[in-house]
Amino acid sequence: MNKILATTCLLCMILCSCHKDLDDDVFPTSVTFNFNHSWDDTPVTATDFNSLKFTNAHGELLSISKLRYLISRITFEKPNGEYFTFDDYFLVDLTQENTLSLTPNNTIPPGEYSHVYFTFGFNNEDNYMNYTDLNSASWNVPEMLGGGYHFMQLEGKFIDATNTETGYAYHYIRAVDNTQSPLVFEDTFFTVDIGAVNLSKSTNFNMNMNIAEWFKNPNTWDLNQLNNMLMPNFDAQMMMYQNRQNVFSLESVNPF
Amino acid sequence: MKKWPTYLFILVIFISTACSKENEASYVPTPSPLNIPPLFESLILSPVIPANNPQTIEGIALGKKLFFDPILSIDNSLACANCHAPELAFSDSESISSGVNGTLGSRNAMPLFNLAWNYDELFFWDGKTFSLEHQVFVPVTDPLEMQNTWPVVENKLQQHAEYPELFEKAFGTSKIDSVLVGKAIAQFERSLISANSKFDKYLLGEADLTPEERNGFEVFMDENRGDCFHCHGSDKNPLWTDNIFHNNGLDENFKDLGLGAITGDPADNGKFKTPSLRNLAFTAPYMHDGRFLTLEDVINHYSEGLKNSATIDPLMKKVANGGVNLSDKDKADLKKFLLSLSDYEFVNNSSINK
């Protein structure tokens, strides 16, 4: 009995290890996306949090105390239209170093890719699934706003027009008009396309989020008007969406 | 090539004898995995159980006995359960807990339940201790609580008529030390699971909410009204806390720096761990210093009583107006909703009572 068991185990082990080798041969390249952050040209890390040291386009002095956002559907598309989309999604949190570097679990074949892109937030298919890690991080959007998940939480303090330090919570979700029933939605997730890459080996993509852009272009954001209760505010959500255009940039690509 | 079967045979014999030897040598207490409630299972991450301290029947039973035994205190007068009473969801009814000889502490005793789901494993109001196993070391020697020393405790337990055998059963050794005391009590604490409130039953489709409770829940979830869900969980996070540290606007100046005293970062001054909103029916008074005797007081605080300070959480809005200014109806309904999170089965559960 024991002999049969042991032989089976041994066989299993051999089979498993062979299988792994095979996989590795076909899909040898792993990709990593590193997210850096800046306020225009000044780098921002969690060590810059909680001090009033940034000025937005409208002229308010402000601080950042929280910045978390969701990245999903990292995709590599070949010139012939064939594409590889990773299932992984990532909750980036500036106060947690290990979340700033995203490495999907799978690898992809080397070769020419005409487009590399990811989704900021969740598309509608992904947004209404159940994710235990995101629920545990209290990342949900209330059912009265349609449910699903936050795409970004940017929080801090600013000096308001009466010279008082005031909190702001720039929370970005799928825009919803909840004055109507049924709710009326407008999509606000977006894809960031970082162009073409020739993937010959495992590669780092170094991205930057310019946080100042969320307050700048085309809508000059006035925190005195819009600082809190922005989730149920349809127009505010659309303004955030419009301001997305220059938020992300590709800094460099380093094969390693 | 011919020898291959012989080698294999020897290998098999070797493996099988090695295994059986091990089985005989080490005593294994009876595993008792946590009974994970269905809502927790479907909505949130698995509980944290250290690999070196699995839940066992013998370990939990020993931990429970220690938890209720005043033997841990200097003069055999005070047990963990004096400040963490089962009928009060393992909290006490005083604003500030008092230790041996009535020595007054500085904070409100925290209720104990669902502690295995505190993913960051930071315990106490200010997060000063990592892991439940380590947490136990604190009250036993705290001059404001049990006022004991570990050599004394270890010696008392070692001389005791029953404990050496119970440690033998739980951990395979009758040599008692503080680490094993910590492990046993931590196992008992992890077994304290509360997930049977009226609201849980509502989410499971087993109970209905009254219109008032339903409106109270909407107030809780509505950014334009209560906006409590960013910190205190929701129908999607049944812990009813984020287990993170915030300043919820209690004071302009801090007597107790909270997290700030631990991290040394002034940006953390006045921050305390968000408490779970489960079992509020049993855990009065409220806040880290027990300053509010009733839920009305708490709700009035958030509605009109907020105090501004440099570290007040950005989510505490309309601070200049004192808060979110809820209507009387919304306040009353919010209270009813909060009470629907209380779990009467938990406080009446005989298996976790003395």
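All values reported here derive from a predicted model rather than from experimental measurement. Counting from 1, residues in each chain are numbered in the order their sequence is written. Think of it this way: whatever chain is written first is A, whatever ligand is written first is 1, and the rest follow in order. In keeping with the model being predicted, local features are shown solely for residues with a pLDDT of at least 70 and side-chain atom pairs are shown and tallied solely at 80 or more, while totals for entire chains, interfaces and linings include all residues. Where side-chain values are given, they derive from all heavy atoms of the structure, hydrogens and water being excluded.

1. Quick look at helix α14 (residues 295-304) of chain B
Residues spaced three or four apart along an α-helix face the same direction, because each turn holds 3.6 residues.
Thinking step 1. The buried label applies to any residue whose accessible area, calculated with a 1.4 Å probe on protein chains only, is under 20% of its type's maximum; exposed applies above 50%, and partly exposed to all values in between. Working definition: helices are DSSP H or I runs of at least four residues, strands are E runs of at least two. Numbering for both runs from the N terminus. Along α14 of chain B, the residues classified as buried are Leu 295, Val 298, Ile 299, His 301 and Ser 303 of chain B.
Thinking step 2. Tucked into the core, α14 of chain B has its buried residues touching α15 (328-339) of chain B. Contacts: residue pairs with any heavy atoms within 4.5 Å of one another.

2. Overview of the side chain of His 232 of chain B
Residues and elements named next belong to chain B.
Thinking step 1. In this fold, His 232 is placed in helix α12 (residues 229-232).
Thinking step 2. In this structure His 232 comes out as buried when scored by relative accessible area, which is 10%.
Thinking step 3. In terms of polar contacts, His 232 uses its side chain to reach the backbone carbonyl oxygen of Pro 275, at 3.3 Å.
Thinking step 4. Residues in contact with His 232, not counting those within four places in the same chain, are Phe 220, Trp 240, Thr 241, Thr 274, Pro 275, Leu 277 and Tyr 302. Polar contact is the term for a pair of N or O atoms within 3.5 Å; when the atoms are in protein, one must be able to donate a hydrogen and the other to accept it, and sequence-neighboring residues count only if both atoms are side-chain atoms.

3. Brief notes about the confidence of the model for chain B
Thinking step 1. The predictor rates its confidence in each residue with pLDDT, a number between 0 and 100. Mean pLDDT for chain B: 93, with 93% of residues reaching 70 or above.
Thinking step 2. Contacts of residues 10-24 of chain B to residues separated by more than four positions or lying in other chains number five contacts, the stretch itself having pLDDT below 50.

4. Re the confidence of the model for chain A
Thinking step 1. When pLDDT is averaged across chain A, the result is 91; 89% of the residues are at 70 or more.
Thinking step 2. pLDDT under 50 marks residues 4-25 of chain A. Its contacts with residues more than four places away, or in other chains, come to four contacts.

5. As for helix α11 (residues 211-221) of chain B
Thinking step 1. Burial in α11 of chain B covers these residues: Glu 213, Asn 215, Gly 216, Phe 217, Val 219, Phe 220 and Met 221 of chain B.
Thinking step 2. Residues of α11 of chain B that are buried in the fold lie against α10 (198-203), α12 and α15 of chain B.

6. A few points about unusual backbone geometry
Thinking step 1. With an omega of 0 degrees, the peptide bond between Asn 217 of chain A and Pro 218 of chain A qualifies as cis.
Thinking step 2. Its place among the elements puts Pro 218 of chain A in the loop between β17 (203-210) and α4 (234-242).
Thinking step 3. Going from Ala 284 of chain B to Pro 285 of chain B, the amide bond is cis rather than trans, its omega being -10 degrees.
Thinking step 4. Secondary-structure assignment places Pro 285 of chain B in the loop between β4 (272-273) and α14.
Thinking step 5. Of note in the backbone geometry, Asn 101 of chain B takes a positive phi value of approximately 65 degrees without being a glycine.
Thinking step 6. Looking at the element boundaries, Asn 101 of chain B is found in the loop between α4 (80-83) and β1 (122-123).
Thinking step 7. Residue Asn 101 of chain B is classed as exposed on the basis of its relative accessible area of 71%.
Thinking step 8. Unusually for a residue other than glycine, Lys 318 of chain B sits at a positive phi of about 50 degrees.
Thinking step 9. Following the sequence through the fold, Lys 318 of chain B ends up in the loop between α14 and α15.

7. Points about the pattern of salt bridges
Two side chains with opposite charge may pair up if their charged atoms get near one another.
Thinking step 1. A side-chain nitrogen of Lys or Arg and a carboxyl oxygen of Asp or Glu constitute a salt bridge if their distance falls within 4 Å. One pass over the full model with this rule turns up 25 salt bridges over all chains.
Thinking step 2. The residue Lys 53 of chain A makes a salt bridge to Asp 48 of chain A at a minimum N-O spacing of 2.7 Å.
Thinking step 3. By relative accessible area, which is 41% here, Lys 53 of chain A ends up partly exposed.
Thinking step 4. Asp 48 of chain A gets classed as buried once you look at its relative accessible area, which sits at 14%.
Thinking step 5. Notably, a salt bridge pairs Glu 162 of chain B with Lys 65 of chain B, separated by 3.4 Å at the nearest N-O pair. Taken together, the residues span a long stretch of sequence, with Glu 162 of chain B in the loop between α7 (150-159) and α8 (163-171) and Lys 65 of chain B in helix α3 (residues 57-67) at a distance of 97 residues.
Thinking step 6. For Glu 162 of chain B, a relative accessible area of 41% corresponds to the partly exposed category.
Thinking step 7. A network of salt bridges, in which partner residues are shared, links Arg 73, Glu 125 and Asp 126 of chain A.

8. Some remarks on the packing of aromatic side chains
All names here are of chain A.
Thinking step 1. Centre distance within 6.5 Å is the pairing criterion for rings of Phe, Tyr and Trp, where only the six-membered ring of Trp is used; planes under 30 degrees apart are then read as stacked, over 60 as edge-to-face, and the remainder as tilted. The full count for this structure, using the stated rule, is 50 aromatic pairs over all chains.
Thinking step 2. Taking 4.8 Å as the distance between ring centres and 15 degrees as the angle between the ring planes, the aromatic pair formed by Phe 33 and Phe 205 counts as stacked. With Phe 33 in strand β1 (residues 31-39) and Phe 205 in strand β17, this pair connects stretches of sequence that are 172 residues apart. Judged on exposure class, the residue Phe 33 and its partner Phe 205 are both buried.
Thinking step 3. Between Arg 244 and the ring centre of Phe 190, over which it is positioned, the NZ or CZ distance is 5.8 Å.
Thinking step 4. Sitting over the face of the ring of Tyr 241, Arg 244 holds its NZ or CZ atom 4.0 Å from the ring centroid. By definition here, charges over rings are those cases where NZ of Lys or CZ of Arg is within 6 Å of the ring centre and within 35 degrees of the ring normal.

9. Some details on the domain arrangement of chain B
When the parts of a complex come together, some accessible area is lost, and that lost area is often taken as the interface size.
All names here are of chain B.
Thinking step 1. Here the limits of each domain have been adopted from an automatic or database domain assignment. Domain annotation for chain B reports domain 1 (29-193) and domain 2 (198-347).
Thinking step 2. If you look at the interface, domain 1 gives 35 residues, while domain 2 gives 31 residues.
Thinking step 3. Scanning the region where domain 1 abuts domain 2 turns up one salt bridge.
Thinking step 4. Here Arg 107 and Asp 256 are joined by a salt bridge, their closest N and O atoms 2.8 Å apart.
Thinking step 5. Counting every contact that joins domain 1 to domain 2 gives five residue pairs in polar contact (both at pLDDT 80 or more).

10. A look at the side chain of Asn 248 of chain B
All names here are of chain B.
Thinking step 1. As for its position among the elements, Asn 248 is in the loop between β3 (245-246) and α13 (259-263).
Thinking step 2. Within the local environment of Asn 248, its side chain forms a polar contact with the side chain of Tyr 302, the two groups lying 2.9 Å apart.
Thinking step 3. Sequence-distant contacts of Asn 248, that is, excluding residues within four places in its chain, are made with Met 287, His 301, Tyr 302, Leu 306 and Met 316.

11. Some points on the environment of Thr 56 of chain B
Residue and element names in this part refer to chain B.
Thinking step 1. Among the secondary structure elements, Thr 56 is positioned in the loop between α2 (38-43) and α3.
Thinking step 2. A C-alpha to C-alpha distance of 36 Å links Thr 56 and Lys 271, two positions 215 residues apart in sequence.
Thinking step 3. Once residues lying within four places of it in the same chain are set aside, the contact partners of Thr 56 are Pro 29, Thr 30, Pro 31, Ser 32, Ala 170 and Gln 187.

12. Quick notes on the interface of chain B and chain A
Thinking step 1. Facing the 34 residues of chain B at the interface are 34 residues of chain A.
Thinking step 2. Summed over both partners, the accessible surface that disappears when two parts come together, traced with a 1.4 Å probe, is what is meant by buried area. Across the interface of chain B and chain A, roughly 2,700 Å² is buried in total on both sides, 60% from carbon and sulfur atoms.
Thinking step 3. Where chain B packs against chain A, one counts one salt bridge.
Thinking step 4. Close ionic contact of Lys 236 of chain B with Glu 143 of chain A constitutes a salt bridge, the shortest N to O distance being 2.7 Å.
Thinking step 5. Between chain B and chain A we count 13 residue pairs in polar contact (both at pLDDT 80 or more) in total.
Thinking step 6. Taken together, the elements giving at least two residues each to the side of chain B that touches chain A come down to α1 (4-25), α2, α11 and α12 of chain B.
Thinking step 7. When residues of the side of chain B that touches chain A are assigned to their parent elements, the largest contribution, five residues, is made by α1 of chain B.
Thinking step 8. Basically, the charged four are Asp, Glu, Lys and Arg, the nonpolar ten are Ala, Val, Leu, Ile, Met, Phe, Trp, Tyr, Cys and Pro, and anything else, Gly included, counts as polar. Within the side of chain B that touches chain A, the residues separate by chemical class into 15 nonpolar, nine polar and ten charged.

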